[in-house]
Amino acid sequence: MARIRYAIIGLGHIAQAAMLPAFAHARRNSALVALISNDREKLERLGRRYKVKNLCHYEAAEQLFHSGEIDSLYIALPNSRHAQWAIKAMQAGVHVLCEKPMATTAQECERMLRAARKARVRLMIAYRLHFERANLEAAQIVRSGTLGEPRYFNAQFSQQVPVGNIRLDGKLGGGPLWDIGIYCINAARSSFAAEPTRVWATANSRRDRRFREVPETVTAVLEFPGQRVASINCSFGAADRSRYEIVGTKGSLVVDPAFHYAEGLGYQLEIGKRRKVKTFARSDQFAAELVYFSDCVQKKREPEPSGEEGMIDVAIIEALHRSIRTGKWVSLARVANRKRRPSLRQEIRRPAVPREPKLVKAKAPHA
């Protein structure tokens, strides 16, 4: 079948460092044909580098969506702009691969889902770890009963975010819960194969000008059915940390590093006195997303990290922010339990990008 033709909207760090080079490893079914940005220098230099001729400013994007020249849009814009551009693309009949978080309110997520259904297009949220071996194996180990009955989950994800980074802008949907806490929440849901019933959170910040609009550190607790609990710490002002642990009645499993894309991941399994350590070489997680989503588009198949998956995480984060404001537990009784979970059948491995490409007017998101 013909390759799925992609446009990328938003040419910041994640698009330049990861998604643009990923097309080289996804050429079986995916092709990069258009770039959308209001920065002329980015468009011209990146267009030359990746041999993309269709270079478009935001004001002409809707015309591109209706032109018939693209099949799918990858959205790498600030969080608060995901919904508006996803809906515009889907109303034009364009499939959408949207970075997480899906949006910044559950109401926006519902609008995106309605637009996808009405236009009969595919909508996938870019949970790259749903195709990565270490995390998929970890979830399978927990669900298989190897650890006995899983009792608690603990995750830490932190990094130093520099002054001026858009993830510190509250109006753009920044903050540690939206950008890195979401990985921890999604890993807990996948490990327990369930949705939390209520949540609680608190936020803390030092006297640091970086944290005028968003908190520095958020600590969250999620209660799951069966008296299981997940605790999460995420921070934009602490040393680099990327791990989670699941402890059951018979053993424990630590995934460390757990969430990165520029290095290999791995886990340590302990059952009694027996210990097993397994590591996985670095791979191109973004190419895996592209290959999977293009297959879904070609075969008219609903993707596993669907809009419904993305909306649940957004609803949980909304509830956590409500808890921060009120200091109280917040119920999630209306969140429906998803039957479909990521599985090892979804693993797709592509060669790692040799090195991060030279960035054009973009900076790394953390120190």
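In the block above lies the structure referred to throughout.
1. Some words on the sheet that holds strand β4 (residues 72-75)
Step number 1: Spatially, six strands are ordered β3-β2-β1-β4-β5-β6 in an open sheet, and the strand pairing comes out parallel. The sheet is open, and its two edges are formed by β3 (54-56) and β6 (123-125), each paired on a single side. In this sheet, adjacent strand axes meet at a mean angle of 25 degrees when their direction is disregarded.
Step number 2: The pairing of strand β2 (residues 30-36) with β3 spans three bridges and is parallel. If you follow Ile36 over to β3, its bridge partner there is Cys56.
Step number 3: Strands β1 (4-9), β2, β4 and β5 (95-98) of the sheet are contacted by helix α1 (residues 13-22), whose axis makes an angle of about 165 degrees with β1.

2. Description of the packing of aromatic side chains
Step number 1: This model, assessed by the stated rule, comprises 13 aromatic pairs.
Step number 2: Consider the rings of Tyr183 and Phe259, whose centres lie 5.9 Å apart with planes at 50 degrees: the pair is tilted. Here the residue Tyr183 occupies a position in helix α7 (residues 176-192), and Phe259 occupies one in the loop between β12 (251-255) and β13 (266-271), the gap between them amounting to 76 residues.
Step number 3: For Tyr183, a relative accessible area of 15% gives the class buried.
Step number 4: The rings of Phe153, Phe157, Tyr183, Phe192, Phe224, Tyr244 and Phe259 are connected pair by pair, giving a single aromatic cluster.
Step number 5: Here Arg198 stacks its cationic end above the ring of Trp329, 4.1 Å away from the centre of that ring.

3. Some details on the pattern of salt bridges
Step number 1: Going through the model one piece at a time under the given rule, you end up with 23 salt bridges.
Step number 2: Residue Arg206 pairs with Glu216 through a salt bridge whose shortest N-O separation is 2.9 Å. A residue pair is termed long-range when its members are at least 10 positions apart, and Arg206 in the loop between β8 (198-204) and β9 (217-224) and Glu216 in the loop between β8 and β9 qualify at ten residues.
Step number 3: Among the charged side chains, a salt-bridge network with shared partners connects Arg189, Glu195, Glu309, Asp313, Arg338 and Arg341.

Cut-off values and rules
Residues numbered from 1 in each chain as written. Predicted model: local features only at pLDDT ≥ 70, side-chain atom pairs only at ≥ 80, totals over all residues. Heavy atoms only, no water. Pairing = 2+ DSSP bridges. Helix = DSSP H or I, 4+ residues; strand = E, 2+ residues; numbered from the N terminus. Axes fitted to C-alpha atoms, helices over the stretch in contact; angles between N-to-C directions. Contact = heavy atoms within 4.5 Å. Phe/Tyr/Trp six-rings, centres within 6.5 Å; stacked < 30°, edge-to-face > 60°. Buried < 20%, exposed > 50% of the residue type's maximum accessible area, 1.4 Å probe, protein only. Lys NZ or Arg CZ within 6 Å of the ring centre and 35° of its normal. Salt bridge = Lys/Arg side-chain N within 4 Å of Asp/Glu carboxyl O.

Everything listed here is a matter of geometry and, on its own, says nothing about what the molecule does.
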